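The chain contents come next:
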Amino acid sequence: MELLLEQLERFAEVLAVSRTRHAGSWGRVAVRRSLCWARYLRHVHGRFRLRGPVRAALEGRLRRLRLRPAPQDGDSAHTAPGLESGPLRSFEGLGCGEQLLALGLLENASLPSPALHELLQHLRPEEPSEEGSDERGLGDRLAELARRRAASQLLRPLLGSSPAQPDPVLRRTEAELLLLRLRQEAEAEPGAEALLLDRLWQQLPQSRWLTVVAEALLLQPAPGPRREDCSSDEDDPGSPSDLGPATATPLLAWLLSRPAPLAALCRLLPTPLLASLASRHSDLAEACLDLLWDWASHLHFDLTKGAWVGTDPEGLTWERLRDCYRSFCQAPPPLSIQARIALDSCRARDGGFEAPGLSVWTDLGRDLGLEEPPGEG
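On a predicted model such as this, the values are computed, not experimentally measured, just so you know. (Residues numbered from 1 in each chain as written. Predicted model: local features only at pLDDT ≥ 70, side-chain atom pairs only at ≥ 80, totals over all residues. Heavy atoms only, no water.)

Time to look at the side chain of Thr-20. Relative to the elements of secondary structure, Thr-20 occurs in the loop between α1 (2-17) and α2 (28-48). Within the structure, Thr-20 has its side chain in polar contact with the backbone oxygen of Val-17 (distance 2.9 Å). (Helix = DSSP H or I, 4+ residues; strand = E, 2+ residues; numbered from the N terminus. Polar contact = N/O pair within 3.5 Å; in protein donor to acceptor, adjacent residues only side chain to side chain.)

Written as structure tokens, this is what we have:
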């Protein structure tokens, strides 16, 4: 591992130099060796990507790695900002060093013609290997990086600093991009999509991330006429027209297996949207109702305030419990019936007391106007 970290530190310096006027002294050999260096790091990334203990140890060392600052070049418009916190400080960064290097050289006007010609040779479409490997060439991966950069530049002005109500078209676009990325990860390595979702959960603001997750779980194929002379899905493997509930299955499985994201979803998502999700996915409805029951069991009646309160600031409030159940009970069947059955079961388990302040479920049913169990009266 020490040798690998030393190689990474040296490649970081090469990557920094590739964006400055010092790359003007590079020739064909320098470009070829730099790209080989980047491919070695990509090989390391592919080898240890799904090996949890080794990857975790390597990620820890990468975060502690002290990269030397980029060369200060006052005459160049291209510097290498943020190497101390840049992509090479993460495990995923090991897999994209080749694209970053090629992109830096292509944007550098100081690169001499022989070195540029050598780089362009590596960007030509690659012939399939004799082993039948389907690995994409550098040109394809660089094109994908350019598409993602262009998409991020288009979406950034729309996102703003903290959009309260994102545009519906923007929400759908973000959800489609997430599902497409999950499908790509699953095709590359089984189980890789869960690792990606774990990273996104840790890195992105919770409210924004949960909105995208909800949109993805509700996503339906875009309606539109299908021309007989046009097979867009076959020509474009990244077309969003074939995205739908089946594509979101890994996302739902990840959500149901992660207590923290599931709890945040029930606590932060607008209750009408939460009810829509629960109506679409019965497993999610059951998980949400179980979580609401667990949270409600931690509420107690404060005689001085005359209200149900909780001791955990991160837990459920009476108002949130009431709003969730109201949205669930107002949803179309079977969710409304499922919510009523759960509420009446909890009310009966508490003893069916009618006096206020004795059972949170009795008071909840009274507040919602659900005095009688379904099917009676």
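On we go from here.
This part is about the pattern of salt bridges. This model, assessed by the stated rule, comprises 15 salt bridges. A salt bridge links Arg-326 to Asp-323; its shortest N-O distance comes to 3.5 Å. Taken as a pair, Arg-326 and Asp-323 lie in helix α15 (residues 318-330) at a separation of 3 residues, close to a single helical turn. For Asp-323, a relative accessible area of 27% corresponds to the partly exposed category. When the shortest N-O distance is used, the salt bridge between Asp-344 and Arg-340 registers 3.7 Å. With a gap of 4 residues between them, Asp-344 and Arg-340 both fall in helix α16 (residues 335-349), about one helical turn apart. Accessibility assignment for this pair places Asp-344 and Arg-340 in one class, buried. Several salt bridges share partner residues, and in doing so they unite Arg-28, Arg-32 and Glu-118 into one network. (Salt bridge = Lys/Arg side-chain N within 4 Å of Asp/Glu carboxyl O. Buried < 20%, exposed > 50% of the residue type's maximum accessible area, 1.4 Å probe, protein only.)

This part covers the side chain of Glu-98. With respect to the secondary-structure elements, Glu-98 resides in helix α4 (residues 97-106). Polar side-chain contacts of Glu-98 include one of 3.3 Å to the side chain of Arg-39.

This part is about α4. Summarising burial for α4: 9 of the 10 residues are buried, a large majority. Among the residues of α4, Gly-97, Glu-98, Gln-99, Leu-100, Leu-101, Ala-102, Leu-103, Gly-104 and Leu-105 are the ones counted as buried.

Below, the discussion takes up the pairing of strand β2 (residues 307-310). Along any regular strand the residues' side chains alternate between the sheet's two faces. Strand direction decides the pairing type here: strand β1 (residues 299-302) and β2, joined by 4 bridges, are antiparallel. Within β2, the position partnered with Asp-302 by the bridge is Ala-307. Counted along the chain from β1 to the antiparallel partner β2, the turn is 4 residues long, and its residue Gly-306 has a positive phi close to 65°. (Pairing = 2+ DSSP bridges.)

Spanning 13 residues, helix α9 (residues 206-218) covers 18 Å between terminal C-alpha atoms, matching the ideal 18 Å at 1.5 Å per step. Of all the 13 residues making up α9, 10 are buried; the element is thus mostly covered by neighbouring parts of the structure. Of all the positions in α9, only Arg-208, Trp-209, Leu-210, Val-212, Val-213, Ala-214, Glu-215, Ala-216, Leu-217 and Leu-218 are classed as buried. (Expected span 1.5 Å × (residues − 1).)

Direction vectors running N to C along α2 and helix α5 (residues 113-123) enclose 35°, while the axes themselves pass 7 Å from each other. The two elements α2 and α5 meet at a crossing, and its hand is right-handed. Mapping the contact onto sequence places Arg-28, Val-31, Arg-32, Leu-35 and Arg-39 in α2 and Pro-114, Ala-115, His-117, Glu-118, Leu-119 and His-122 in α5. Tallied by class, the residues present in the contact of α2 with α5 amount to 5 nonpolar, 2 polar and 4 charged. (Axes fitted to C-alpha atoms, helices over the stretch in contact; angles between N-to-C directions. Left-handed = near helix turned anticlockwise from the far one by under 90°. Contact = heavy atoms within 4.5 Å. Nonpolar A, V, L, I, M, F, W, Y, C, P; charged D, E, K, R; others polar.)

Any functional reading would require information that these geometric values do not contain.
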